[in-house]
Amino acid sequence: YRAMDGTELSFRIAILLQISLGVSVNIFLLLFYIRVISATHNPSSSDLILAHLAFANAIILFTSGIPEAMSAWGWRNFLDVIGCKILLYFYRVARGLAICTTCLLSIFQAVTITKLPKCILPFCLLSWISNMLVDVNVLIYMTGPQNGSSIWLILDLKYCSTISASPAATLAVAAVISFRDLFFVGLMSAASGYMVFVLYRHHRQVRHLHRPGRSPREMPEVRAAKRIIALVTFYVLLYGRQAIMLSILVNMREKSPLLVNSHMVLTFSFSVISPFLIIYSDRRMRTLNLTVMQMVSVLCQRKAFCYSNPIHTETVRKLLFYSGKKAPVPEM
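Note that this is a predicted model, so its numbers are computed, not measured. (Residues numbered from 1 in each chain as written. Predicted model: local features only at pLDDT ≥ 70, side-chain atom pairs only at ≥ 80, totals over all residues. Heavy atoms only, no water.)

## As for the overall build of the protein
Argument step 1. For the protein, the helix and strand inventory stands at eleven helices and three strands.
Argument step 2. Sorting the 332 residues of the protein into buried and exposed places 39% on the buried side.
Argument step 3. Considering only contacts within the protein whose residues lie at least 6 apart along the sequence, 72% involve residues at least 24 apart.
Argument step 4. In the structure as shown, the protein presents an accessible area of about 19,600 Å², 68% of it carried by carbon and sulfur atoms. (Helix = DSSP H or I, 4+ residues; strand = E, 2+ residues; numbered from the N terminus. Buried < 20%, exposed > 50% of the residue type's maximum accessible area, 1.4 Å probe, protein only. Contact = heavy atoms within 4.5 Å. Areas by Shrake-Rupley, 256 points an atom, 1.4 Å probe, with all protein chains shown as cover.)

## As for the UniProt feature "transmembrane region" (unreviewed entry) in the protein
Argument step 1. The feature "transmembrane region" (unreviewed entry), as annotated in UniProt, sits at residues 13-36, 48-66, 86-108, 120-142, 182-200, 228-250 and 262-280 in this numbering.
Argument step 2. With 100% helix and 0% strand, residues 48-66 has end C-alpha atoms that lie 26 Å from one another.
Argument step 3. Taken end to end, residues 120-142 has its terminal C-alpha atoms 32 Å apart, with 87% of it in helix and 4% in strand. (UniProt positions renumbered as here; feature names shortened; annotations may be inferred.)

## What about the environment of Leu-133?
Argument step 1. Its place among the elements puts Leu-133 in helix H4 (residues 120-134).
Argument step 2. Separated by 40 residues in the primary sequence, Leu-133 and Val-93 have C-alpha atoms spaced 8.9 Å apart.

## A few points about the nonpolar core
Argument step 1. One finds Leu-29, Tyr-33, Tyr-235, Phe-270 and Ile-278 to be the most contacted residues of the largest nonpolar core, which totals 38 residues.
Argument step 2. Mapped onto this core, the elements with two or more residues apiece are helix H1 (2-38), helix H2 (45-72), helix H3 (81-114), H4, helix H6 (167-206), helix H7 (220-251) and helix H9 (269-281).
Argument step 3. For this core, the element with the most residues is H7, which contributes eight residues.
Argument step 4. Those residues within four positions of Phe-270 in sequence are excluded, and the remaining contacts are Leu-53, Asn-57, Thr-102, Leu-231, Phe-234, Tyr-235, Leu-238 and Pro-275.
Argument step 5. Residues Val-23, Tyr-89, Tyr-91 and Val-138 belong to the second largest nonpolar core, which totals 27 residues. (Core = buried A, V, L, I, M, F, W, Y, C linked by side-chain atoms within 4.5 Å.)

## Quick look at the packing of H2 against H9
Argument step 1. Two numbers describe how H2 lies on H9: the axes approach to 9 Å, and their chain directions differ by 150 degrees. Classified by the angle their axes make, H2 and H9 are roughly antiparallel. In this structure, H2 meets H9 at a crossing whose hand is left-handed. Facing H2, whose interface residues are Leu-50, Leu-53, Asn-57, Ile-60 and Leu-61, H9 presents Phe-270, Ser-271, Val-272, Ser-274 and Ile-278. (Axes fitted to C-alpha atoms, helices over the stretch in contact; angles between N-to-C directions. Parallel < 35°, antiparallel > 145°, perpendicular 65-115°, else oblique. Left-handed = near helix turned anticlockwise from the far one by under 90°.)

## What about the environment of Phe-197?
Argument step 1. Within the secondary structure, Phe-197 sits in helix H6.
Argument step 2. Along the primary structure Phe-197 and Ala-110 are separated by 87 residues, whereas in three dimensions their C-alpha atoms are 10.0 Å apart.

## Focus on the state of the cysteines
Argument step 1. All told, the structure shown has zero disulfides when counted by the stated rule.
Argument step 2. For Cys-100, which is in no disulfide, the shortest distance to another cysteine sulfur is to Cys-103 and amounts to 7.2 Å.
Argument step 3. Unpaired in this structure, Cys-124 has its nearest cysteine sulfur neighbour in Cys-100, at a distance of 9.4 Å.
Argument step 4. Cys-124 gets classed as buried once you look at its relative accessible area, which sits at 11%. (Disulfide = S-S within 2.5 Å.)

## A short note on the side chain of His-263
Argument step 1. When you line up the elements, His-263 lands in helix H8 (residues 257-267).
Argument step 2. Not counting residues up to four positions away in its chain, the partners in contact with His-263 are Arg-241, Gln-242, Met-245, Leu-246 and Leu-249.

## Focus on the confidence of the model for the protein
Argument step 1. Per-residue pLDDT for the protein has a mean of 76; in total, 71% of the residues score no lower than 70.
Argument step 2. Ranking the elements of the protein by mean pLDDT puts helix H11 (residues 310-322) last, at 51, and H2 first, at 90.
Argument step 3. In the predicted structure, residues 322-332 sits below a pLDDT of 50 and forms 14 contacts with residues beyond four places in sequence or in another chain. (pLDDT = per-residue confidence, 0-100.)

## Overview of the side chain of Ser-274
Argument step 1. The residue Ser-274 is located in helix H9 in this model.
Argument step 2. A distance of 3.3 Å separates polar atoms of two side chains, one belonging to Ser-274 and the other to Asn-57.
Argument step 3. Residues within four places of Ser-274 in sequence aside, it is in contact with Asn-57, Leu-231, Phe-234 and Ser-269. (Polar contact = N/O pair within 3.5 Å; in protein donor to acceptor, adjacent residues only side chain to side chain.)

Right, here's the structure in full:
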């Protein structure tokens, strides 16, 4: 009993930290790209796509992550029927948008390499329309908490439930959603594979033009390819894991709480971890970090407590070193 209590508490803390961190970093990334896009007359297509992906991830965490965290901490019946329909509908739409946008990111990079025309905004608009149509069933069959013994209950989220009019309707909806997911996962995988092939061929052709001491990793197209391939590979692996674990959970008569909790935590992994991959691969973030460090160094110079002990002094000296300034000697 104590072990179960410890496991349940660990799950609650893990999902709370995961959702809090994911919401914060996606909002930061969205605001960063909005600022970059608004500051330029001709914004980069990749910035538009990444902003759209951060927006989709934020919606996923707001509409499903936060309710799941509330449910994990014991909250029940905090949504009525209308709230369940709206929240879960936007979650399903945002999940589809995340798949489409990740696929678009991979296709965009492949198109950029081959110098073909790009249509970013029409594709984003089309993805919104198509996903809103595909997931319209949520507005019909989603309802509030129901009795788990109902024969029509096909999904119980503790705070919301999904009922179905017939098994045929449930099978049709599952088939449409699965076809959409598999289509975009296959498309992004094919685009990433093609991109790797083109980059490898291009690298072999131009290798003699670069200096012998220059590493191929420094080429801009290689850096972009690594970012896209990392995102796509991460998404495909998580999608495969989700499909396998869902099939196991569906076929289990008695569901293991540990397996269910693990599946719930891993469900939001892409929305939480992908922003960090984007931040790490974007060199403009380093400039932003340097600016923040300079601001901290200036604030610390004006505060006497920064020099109150050797640890604070050493920290300030490092910050000032990275900002290109000399550390002042504190007055005694």
